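For reference, the chains in residue letters:
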Amino acid sequence: MSRKPVIAFLGIGLMGSHMARRLVEAGYELRAWNRTAAKAEALVSHGAKASATPAEAATGADIVITMVSDGAAVTDLYFAQGVVAAAPEGSLFIDMSSAQPSLARDLAKQLGALGRRHVDAPVSGGTAGAEAGTLAIMAGGQEADIDEARPVFEIMGRVTRVGPHGSGQLSKLCNQAIVAISIGAVSEALFLAERGGADPAAVRDAIRGGFAESRILDLHGQRIVDRNWEPGGPSRLQLKDLDNVLDAAADAGVDLPLARQVREQFFKLVNDLDGAELDHAALYLQLEAHNLSAAEA
């Protein structure tokens, strides 16, 4: 289209607030909605319009972006709250939340039958990537739809089409399995350093640049050293993603033993240690608690 598309952005949370702000500042007309209205209203000073309902935001929008907690929330917005009905025929729905691949495929079929288009495009990179516009965006859907949305995606990060509908969500689950298992590995290494008598911060610095180097060792390793559990990625969402990883594995007929193990650790962090809203680097606390229990046994 010759003009910039009008965007409805639904879900102005930790990630969505930065993503939406970048789109507004790039000159897009953006209608923002969030369940907690104050979060959407905070974007008004940047040039967005705060909408009272998600359906109001979608009315007349060329693109509807959702960035909410899970697939159930997406489905509720699309149908129970009237977003699909409010959006014009031919409009493009881009779900950037993390959900099940099977749900993404089902939503694409349902929207197609209603004359709307759908792309599943979950992201990785955390709040830092959302703020900097360097998110990794994994897109599943029709190539033409992804190409049409590419200028919008490129304001938020780097987009890669990974396959048909549902493939974006599957790619995100692969990402989340690596993230969770890597957080577990970094936690165990730094815990061993601490309990073995070395300085964990110095150990982290010493091994950086070697084969163990990673974004997880860099960012989450620093969080562990600082014992900074303020959420960039809440543990409850990591647990949700791991549940979806194991569901996708079951659908594919494969067993993922490392993912199963780290899922149990996150389950204990969230449910036994009240860690739902702590950053997923707080898996270190579950490791501490596990070793304390073993020592007392």
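Scroll up to find the structure.
A brief look at the structure comes next. This structure is a prediction, so every number in the text was calculated from the model and none was measured.

### So, the overall build of the protein chain
And step 1. When helices and strands are tallied, the protein chain shows 14 helices and nine strands.
And step 2. Taken against the 2.2 N^0.38 rule, which gives 19 Å for 297 residues, the C-alpha radius of gyration of the protein chain at 20 Å falls within 12% of a compact globule.
And step 3. Across its three principal axes, the protein chain shows a C-alpha extent of roughly 65 × 45 × 35 Å.
And step 4. The buried share of the protein chain, reckoned over its 297 residues, is 48%.
And step 5. Taking the contacts inside the protein chain whose residues are at least 6 apart along the sequence as the reference set, 64% of them involve residues at least 24 apart.
And step 6. Accessible surface, the protein chain: about 13,500 Å² in total, of which carbon and sulfur atoms supply 54%.
And step 7. Computed over 27 positive and 37 negative side-chain charges, the inter-centroid distance for the protein chain is 4 Å.

### Re the environment of glycine 126
And step 1. Turning to its location among the elements, glycine 126 is positioned in helix H7 (residues 126-132).
And step 2. Judged by relative accessible area, glycine 126 falls into the partly exposed class, the value being 27%.
And step 3. The spacing of glycine 126 and leucine 14 is 112 residues in sequence and 8.8 Å in space, taken between C-alpha atoms.
And step 4. Excluding anything up to four places from it in sequence, glycine 126 contacts Met15 and Leu135.

### Re the packing of aromatic side chains
And step 1. Evaluation of the coordinates by the stated rule reveals three aromatic pairs.
And step 2. Seen in terms of ring centroids, tyrosine 78 and phenylalanine 93 are 5.1 Å apart; in terms of plane orientation they differ by 80°. Their pairing is edge-to-face. Taken together, the residues tyrosine 78 in helix H4 (residues 71-80) and phenylalanine 93 in strand E5 (residues 92-95) connect sequence positions 15 residues apart.
And step 3. Accessibility expressed as a relative area gives 0% for tyrosine 78, which makes it buried.
And step 4. Overall, phenylalanine 93 belongs to the buried group, its relative accessible area being 0%.
And step 5. Ring geometry for phenylalanine 191 against tyrosine 284: centres 5.9 Å apart, planes inclined by 75°, an arrangement best described as edge-to-face. Taken together, the residues span a long stretch of sequence, with phenylalanine 191 in helix H9 (residues 167-196) and tyrosine 284 in helix H14 (residues 283-296) at a distance of 93 residues.

### What to know about the packing of helix H13 (residues 257-272) against H14
And step 1. Close contact between H13 and H14 brings their axes to 9 Å; oriented N to C, the two are set at 90°. By the angle class used here, H13 and H14 are roughly perpendicular. In this structure, H13 uses Val262, Gln265, Phe266, Lys268 and Leu269 to contact H14, whose residues at the interface are Leu283, Leu285 and Gln286.
And step 2. The class makeup of the residues in the contact of H13 with H14 is five nonpolar, two polar and one charged.

### Digging into H9
Counting along an α-helix, one turn takes 3.6 residues, and residues three or four places apart therefore face a common direction.
And step 1. The end-to-end C-alpha distance of H9, which contains 30 residues, comes to 43 Å, matching closely the 44 Å that a straight helix rising 1.5 Å per residue would cover.
And step 2. Positive backbone phi, at 105°, marks glycine 197, one or two positions downstream of H9.

### Let's talk about the pairing of strand E8 (residues 135-140)
And step 1. In terms of residue burial, E8 counts as a mostly covered element, since five of its six residues are buried.
And step 2. Pairing geometry for strand E7 (residues 123-124) and E8, over two bridges, is antiparallel. Its bridge partner being in E8, serine 124 is matched across the sheet by alanine 136.
And step 3. Pairing geometry for E8 and strand E9 (residues 157-163), over six bridges, is parallel. Bridging from a neighbouring strand, glycine 140 pairs with glycine 163 of E9.
And step 4. Taken together, E8, helix H8 (residues 143-156) and E9 form a β-α-β motif whose crossover is right-handed.

### Description of unusual backbone geometry
And step 1. The backbone of arginine 227 sits at a positive phi, close to 50°, despite the residue not being glycine.
And step 2. Following the sequence through the fold, arginine 227 ends up in the loop between helix H11 (215-226) and helix H12 (235-252).
And step 3. Positive phi, close to 55°, is recorded for aspartate 274, a residue that is not glycine.
And step 4. In this fold, aspartate 274 is placed in the loop between H13 and H14.

Definitions and cut-offs
- The written sequence of each chain sets the order in which its residues are numbered from 1.
- This being a predicted model, a pLDDT of at least 70 is required before a residue's local features are given, and a value of 80 or more before pairs of side-chain atoms are given or counted; all residues contribute to the totals for chains, interfaces and linings.
- Side-chain figures throughout are based on the complete set of non-hydrogen atoms in the structure, without hydrogens or water.
- By definition, any uninterrupted DSSP run of H or I lasting at least four residues is a helix, any uninterrupted run of E lasting at least two residues is a strand, and each is numbered from the N terminus.
- For a compact globule the rule gives 2.2 Å times the number of residues to the power 0.38, and the radius of gyration it is set against comes from C-alpha atoms.
- Three exposure classes are used, based on accessible area relative to the maximum for each residue type with a 1.4 Å probe and protein chains only: buried under 20%, partly exposed in between, and exposed over 50%.
- Contact criterion: two residues are considered in contact whenever any of their non-hydrogen atoms come within 4.5 Å of each other.
- Per-residue and other accessible areas follow the Shrake-Rupley method at a 1.4 Å probe size, with only the shown protein chains counted as cover for residues.
- When charges are counted, Lys and Arg are positive and Asp and Glu negative, with His and the chain ends excluded.
- To locate a charge, take atom NZ for lysine, CZ for arginine, CG for aspartate or CD for glutamate.
- Geometry of aromatic contacts follows a simple scheme: Phe, Tyr and Trp rings, the Trp one being its six-membered ring, pair when their centres are within 6.5 Å, and the pair is stacked under 30 degrees between planes, edge-to-face over 60, tilted otherwise.
- Here, axes are lines fitted to C-alpha atoms. For helices the fit covers the stretch in contact, and angles between N-to-C directions go from 0 to 180 degrees.
- These descriptions rest on fixed angle ranges, namely under 35 degrees for roughly parallel, over 145 for roughly antiparallel, 65 to 115 for roughly perpendicular, and the rest for oblique.
- Only Asp, Glu, Lys and Arg are considered charged in this grouping, and only Ala, Val, Leu, Ile, Met, Phe, Trp, Tyr, Cys and Pro are considered nonpolar; every other residue, Gly among them, is considered polar.
- Expected span of a helix: the number of residues minus one, times 1.5 Å.
- Following DSSP output, two strands are said to pair if at least two bridges run between them.
- Classification remark: right-handed applies to a crossover when, strands pointing away from the viewer, the course from the first strand over the helix to the second runs clockwise.

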